[in-house]
Amino acid sequence: MPPGSLRVVYEDTQLSDAIAPQRMVEHYCNRSVDAVMGMAYVYALAPVARMSAFWFGGVPVFTTTGLVDELGDRKEFPLLTRMMGTYKTLANLMYEIARSQGWHHFYFIFNDEAGIEGGKGLPRSECYFSLYAIRNRIQKERDIIWHVDMFSTKNATRRKYADLLKKVSMSSNSEFSRSYASFYGFFSLFCSRKVSGSVELLSRGYVSTSQHPLCERIS
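Residues numbered from 1 in each chain as written. Predicted model: local features only at pLDDT ≥ 70, side-chain atom pairs only at ≥ 80, totals over all residues. Heavy atoms only, no water.

As annotated in an unreviewed UniProt entry, the protein chain is Receptor ligand binding region domain-containing protein from Ancylostoma duodenale. What UniProt states about the protein chain under its Subcellular location (unreviewed entry) heading is, verbatim, "Membrane". (UniProt positions renumbered as here; feature names shortened; annotations may be inferred.)

Shown next, in the form of structure tokens:
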């Protein structure tokens, strides 16, 4: 491309579902947009990707976010290109891992202020969307059991985290021979399995064997 043929303009959308669409509409009205790259916030991305099909016969939107399943609707978002896949892909991956390891008991713990606060106009978190996709995949299987607990990073304490982790640890010591739990916003991965009457805990390279290793670890 010849020099000066490509102009890149940056806008600070402040992770706002009001400011981001407004900034893009301003560029449309000024006839100064041929393509959109962004936005980091999925609730800002959706309205822009929905409107862009009607700008100048169509303005493409490219994003490395927007992993939620709803954005895959080509009728609703015809010019949206997601460059990082979807949460459905993540869900299929987790299902295959669980099957290969023989895990049947899932325990999801994640940060979601909207769920804790009972809505109150708060958006659902990316943690919620990712685990929602995984849950939708595994709940189709009759031999898989799953449970959910949520917390808010705004008011969670060390005691709260400890109680949640103890709850998962005690659950994994039950009749189920294998369990898997996913922690978004606290631990990335926790899994445990019974080994010769004790419990083997594996979490980010930490391996220990005792009757209740997780409880001892955080108490």
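Moving on, there is more to tell.
Caption draft 1: How the structure looks around the layout of surface pockets. Its volume calculated, the largest pocket comes out at about 640 Å³. Around the largest pocket, the lining comprises 20 residues; the ones closest to its centre are Val8, Val9, Ala35, Val36 and Met37. For the lining of the largest pocket, the elements supplying multiple residues, two or more each, are helix 1 (19-29) and strand 1 (36-37). Counted by class, the lining of the largest pocket contains twelve nonpolar, five polar and three charged residues. (1 Å grid on protein atoms, 1.4 Å probe; cavity = no way out; pocket = protein on both sides within 12 Å on 5 of 7 lines; lining within 4 Å. Points joined across faces, edges and corners; volume = space filled by probe spheres on them. Helix = DSSP H or I, 4+ residues; strand = E, 2+ residues; numbered from the N terminus. Nonpolar A, V, L, I, M, F, W, Y, C, P; charged D, E, K, R; others polar.)

Caption draft 2: Spotlight on the packing of aromatic side chains. Overall, the coordinates contain eight aromatic pairs when judged by the stated rule. Between the aromatic rings of Tyr28 and Phe56, the centroid separation amounts to 4.9 Å while the plane-to-plane angle is 45°, which identifies the pairing as tilted. Taken as a pair, Tyr28 in helix 1 and Phe56 in the loop between helix 2 (42-51) and strand 2 (61-63) lie far apart in primary sequence, 28 residues in all. A ring pair is formed by Phe151 and Tyr161, whose centres lie 5.3 Å apart and whose planes are at 90°; its orientation type is edge-to-face. (Phe/Tyr/Trp six-rings, centres within 6.5 Å; stacked < 30°, edge-to-face > 60°.)

Caption draft 3: Here's a closer look at the side chain of Asp149. Structurally, Asp149 can be placed in strand 5 (residues 145-151). Among the polar contacts made by the side chain of Asp149, one reaches the side chain of Tyr107 at a distance of 2.7 Å. If near-sequence neighbours (up to four positions away) are discounted, Asp149 is found in contact with Tyr107, Phe108, Ile109, Phe110, Leu164 and Lys167. (Polar contact = N/O pair within 3.5 Å; in protein donor to acceptor, adjacent residues only side chain to side chain. Contact = heavy atoms within 4.5 Å.)

Caption draft 4: Structural view of the pattern of salt bridges. Evaluation of the coordinates by the stated rule reveals eight salt bridges. Among the ionic pairs, Glu26 bridges to Arg23, the shortest N-O distance being 3.5 Å. Highlighted residues: Glu26 and Arg23, both in helix 1, separated by three residues, approximately one helical turn. The salt bridge partner of Arg137 is Glu141, with a shortest N-O separation of 3.2 Å. Beyond isolated ion pairs, a larger network of salt bridges with shared partners links Arg99, Arg137, Glu141 and Asp143. (Salt bridge = Lys/Arg side-chain N within 4 Å of Asp/Glu carboxyl O.)

Caption draft 5: The arrangement of helix 1 in detail. Those residues of helix 1 lying buried are Ala20, Pro21, Met24 and His27. Down the axis of helix 1, the sector holding all buried residues measures 120°, keeping them to one side. Where helix 1 is buried, its residues touch strand 1 and helix 2. Just downstream of helix 1, Arg31 is the residue with a positive phi angle, here 55°. (Buried < 20%, exposed > 50% of the residue type's maximum accessible area, 1.4 Å probe, protein only. Arc of directions from axis to C-beta.)

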